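Listed here are the chains, written in short residue letters.
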Amino acid sequence: MGERAGGSGGSVAAISPVQQMLASGTGALLTSIFVTPLDVVKIRLQAQQTPLHHGKCFLYCNGLMDHIYVCQNRTSLTSWYKTPTHFSGTLDAFVKITRHEGLRSLWSGLPPTLVMAVPATVIYFTCYDQLRDFLRVGLGFQGSLVPLVAGGLARLGAVTVISPLELVRTKMQSRRLPYSELRVCIRSAVAQDGLLSLWRGWGPTVLRDVPFSALYWFNYELVKARLCERSRVTQANFSISFTAGAVSGAIAAILTLPFDVVKTRRQIQLGEIDSLGASLKRTASTWHMMKEIWAEMGYRGLFAGFMPRVIKVAPACAVMISTYEFGKAFFQQMNLDRERLGS
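Parameters and conventions
Per chain, the residues get numbers from 1 upward, laid out in the order the sequence is written. Given that the model is predicted, a residue must reach a pLDDT of at least 70 before its local features are reported, and side-chain atom pairs must reach 80 or more before they are shown or counted; all residues, however, enter totals for whole chains, interfaces and linings. The basis for every side-chain value is the complete set of heavy atoms in the structure, and neither hydrogens nor water enter the calculation. The numbering of helices and of strands both runs from the N terminus, where a helix is a DSSP run of H or I of at least 4 residues and a strand a run of E of at least 2. A simple rule labels every residue: compare its accessible area, found with a 1.4 Å probe on the protein chains alone, to the largest value its type can have, and call it buried under 20%, exposed over 50%, or partly exposed in between. By definition, residues are in contact when any of their heavy atoms lie within 4.5 Å. Surface accessibility follows the Shrake-Rupley procedure with a 1.4 Å probe radius. Residue values consider only the protein chains on display as shielding. Per-residue confidence from the prediction method is given by pLDDT, with values spanning 0 to 100. A carboxyl oxygen of Asp or Glu within 4 Å of a side-chain nitrogen of Lys or Arg is what we treat as a salt bridge. The patches described consist of residues with a relative accessible area above 30% and no salt bridge, like charges being joined within 9 Å and nonpolar side chains (Val, Leu, Ile, Met, Phe, Trp, Tyr) within 5 Å. Every helix has an expected span of 1.5 Å times one less than the residues it contains. Orientation is described by lines fitted to C-alpha atoms, with helices fitted over the stretch in contact, and by angles between N-to-C directions that extend from 0 to 180 degrees. Throughout this description, any angle smaller than 35 degrees is read as roughly parallel, any larger than 145 degrees as roughly antiparallel, any in the 65 to 115 degree range as roughly perpendicular, and the remainder as oblique. For any helix crossing, the convention is left-handed if the near helix is rotated counterclockwise from the far helix by under a right angle, and right-handed if that rotation is clockwise. Residues are grouped as follows: Ala, Val, Leu, Ile, Met, Phe, Trp, Tyr, Cys and Pro are nonpolar; Asp, Glu, Lys and Arg are charged; every other residue, Gly included, is polar. Residue types Ala, Val, Leu, Ile, Met, Phe, Trp, Tyr and Cys, when buried and joined through side-chain atoms within 4.5 Å, form a set referred to as a nonpolar core.

*Asks:* Help me out: how do you make sense of the overall build of the protein chain in this one?
*Replies:* Secondary structure assignment for the protein chain yields eleven helices and four strands. Counting only residues that meet the buried cut, the protein chain has 49% of its 343 residues in that class. In the protein chain, of all internal contacts separated by at least 6 residues, the share reaching a separation of at least 24 is 73%. Here the protein chain displays about 17200 Å² of accessible surface, and carbon together with sulfur accounts for 65% of that area.

Okay, structure coming up:
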């Protein structure tokens, strides 16, 4: 199924799933290029305050996915993490990293994470468009609930496919194995803990990402339609997509924050267990972890990191969706031109 595009009463052109994948892949790369420096600086500032030791983990976000990095020894995680430069703040860190380590250092640690993040984003966005069109055109459903359902199902599929691969990536990084030993690592994990162990941590991820995606697409389509109506245009331009993406991303990030707190704890817990080579038979449920956080810190604990998450998520959503929509518009115009030349 190809997505039909164009304003009501205007020319209509279809874009293929392959073109949707190219548009989402390009958007994913641009988003990671934009967001990664912010997270690298955050990690460097945190490391300055609280150095991590062997077996400890930290969370690395490239704007598309959260990834676990494992400390290999007492003095280093990776070459970019152990540098002794002292920073007095965020702006000072940007300046000193660029001046002393080169501009490329702002994207330290990015390439290995893109192996998972770009395919996950491509699957997610392409599945969303395909599901939305199938529900509207194939099944005849209309209304604002279509994006909510399509968004939730698309994210569920992407998480289910990528979750075991990300777990294996963490194991390989903690044991410093090359990607040529990927099959050996998977076999070892299955032999030690069983096949379902590859989806360890799937539950908390789904509980955060599926509601986030459902809320995000519901609000995005709603805000985009309102902005198009106010601007008196039939199809969203770059600024409309950017604004709708930022607003809907912020709303979804705030409403799903408690699940993000639990998911972060679980990711770091699993990463540290893997780094020690231990076998984990059972972990606390998401609801149990929420109760523990509530008992320790109250509701503030469940909404910890409110501003950092919004500041990170809103721009990432805005950049991703606006570049994705721009890419789709490019292919729509290209296909329309081909149709006109062929007729």
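*Asks:* Sorry if this is basic, but what is going on with the confidence of the model for the protein chain here?
*Replies:* Caution applies to low-pLDDT regions: their predicted coordinates should not be interpreted in detail. On average, residues of the protein chain score 80 in pLDDT, and 78% of them reach the 70 mark or higher. For the protein chain, the element scoring lowest by mean pLDDT is strand β1 (residues 3-5), at 54; helix α7 (residues 238-255) scores highest, at 95. Within the model, the stretch residues 5-12 combines pLDDT values under 50 with twelve contacts to residues more than four positions away or in other chains.

*Asks:* Before we go on, may I ask you to explain the pattern of salt bridges in this structure?
*Replies:* Note on pairing: side chains with opposite charge can pair once their charged atoms come close. On inspection of all chains with the given rule, the structure shows eleven salt bridges. The partner of Arg132 in a salt bridge is Asp129, with the nearest N and O atoms 3.2 Å apart. With Arg132 and Asp129 both in helix α3 (residues 110-138) and three residues apart, the pair spans about one turn of that helix. Using a relative accessible area of 6% as the deciding quantity, one classes Arg132 as buried. Since its relative accessible area comes to 0%, Asp129 is described here as buried. A salt bridge links Arg208 to Asp260, with the shortest nitrogen-to-oxygen separation between them at 2.5 Å. A residue pair is termed long-range when its members are at least 10 positions apart, and Arg208 in helix α6 (residues 202-231) and Asp260 in helix α8 (residues 257-275) qualify at 52 residues. Take Asp260: its relative accessible area is 12%, and that puts it in the buried class. In this structure, a network of salt bridges that share partners links the residues Asp129, Arg132, Asp133, Glu221, Lys224, Glu325 and Lys328.

*Asks:* Looking at this structure, how should I read a nonpolar patch on the surface?
*Replies:* Together, Val247, Ile251, Ile254, Leu255, Phe306, Met307 and Ile311 line one region of the surface with nonpolar side chains, adding up to about 570 Å² of accessible area. When contributions to the nonpolar patch are tallied by element, the ones reaching two or more residues are α7 and α11 (306-342). When residues of the nonpolar patch are assigned to their parent elements, the largest contribution, four residues, is made by α7. Within the secondary structure, Ile251 sits in helix α7. Of the residues examined, Ile251 reaches a relative accessible area of 32% and is grouped as partly exposed.

*Asks:* Looking at this structure, I do not really get unusual backbone geometry. What am I missing?
*Replies:* With the exception of glycine, most residues fall at negative phi, and the peptide bonds are largely trans. Of note, Arg232 is a non-glycine position whose phi angle comes to about 60°, a positive value. Here Arg232 lies in the loop between α6 and α7. On the basis of relative accessible area, Arg232 is assigned to the exposed category, the value being 79%.

*Asks:* What is the right way to read the environment of Phe125 from this model?
*Replies:* Tracing the sequence through the fold places Phe125 in helix α3. Of the residues examined, Phe125 reaches a relative accessible area of 6% and is grouped as buried. Along the primary structure Phe125 and Ala158 are separated by 33 residues, whereas in three dimensions their C-alpha atoms are 9.2 Å apart. With sequence-adjacent residues up to four places away left out, Phe125 is seen in contact with Ser24, Trp217, Met320, Ile321 and Tyr324.

*Asks:* Is there a simple way to think about α7 in this case?
*Replies:* An α-helix turns once every 3.6 residues. As a result, residues three or four positions apart point the same way. The terminal C-alpha atoms of α7, which comprises 18 residues, lie 26 Å apart, in line with the 26 Å expected from a rise of 1.5 Å per residue. Buried within α7 are the following residues: Ile240, Ser241, Ala244, Gly245, Ser248, Gly249, Ala250, Ala252 and Ala253.

*Asks:* Mind showing me how you'd approach the packing of α6 against α11 here?
*Replies:* The relative placement of two packed helices is expressed as an angle between their axes plus a distance between the axes. In contact at an axis separation of 13 Å, α6 and α11 are set at 60° when each is read in the N-to-C sense. By the angle class used here, α6 and α11 are oblique. Of the two possible hands of crossing, α6 and α11 adopt the one that is right-handed. Here Arg208, Phe212, Tyr216, Trp217, Tyr220 and Lys224 of α6 lie close against α11, whose contacting residues are Arg309, Val313, Cys317, Ile321 and Glu325. Residue composition of the contact of α6 with α11, grouped by class: seven nonpolar, no polar and four charged.

*Asks:* How should I be thinking about the side chain of Ser241 in this particular structure?
*Replies:* Structurally, Ser241 can be placed in helix α7. A relative accessible area of 1% means that Ser241 is categorised as buried. Excluding residues within four positions of it along the chain, Ser241 makes contact with Tyr220, Ala236, Ile321, Ser322 and Glu325.

*Asks:* Hey, could you run me through the nonpolar core in this one?
*Replies:* One recurring pattern in soluble globular proteins is that nonpolar side chains are buried together. One finds Tyr60, Tyr124, Phe125, Phe212, Tyr216, Trp217 and Ile321 to be the most contacted residues of the largest nonpolar core, which totals 39 residues. The set of elements that each furnish at least two residues to this core consists of α1 (17-49), β3 (57-61), α3, α4 (145-174), α6, α7 and α11. Looking at this core element by element, the count peaks at eleven residues for α3. Counting seven residues, the second-largest nonpolar core is a separate cluster that includes Val261, Val262, Met289 and Ile293.

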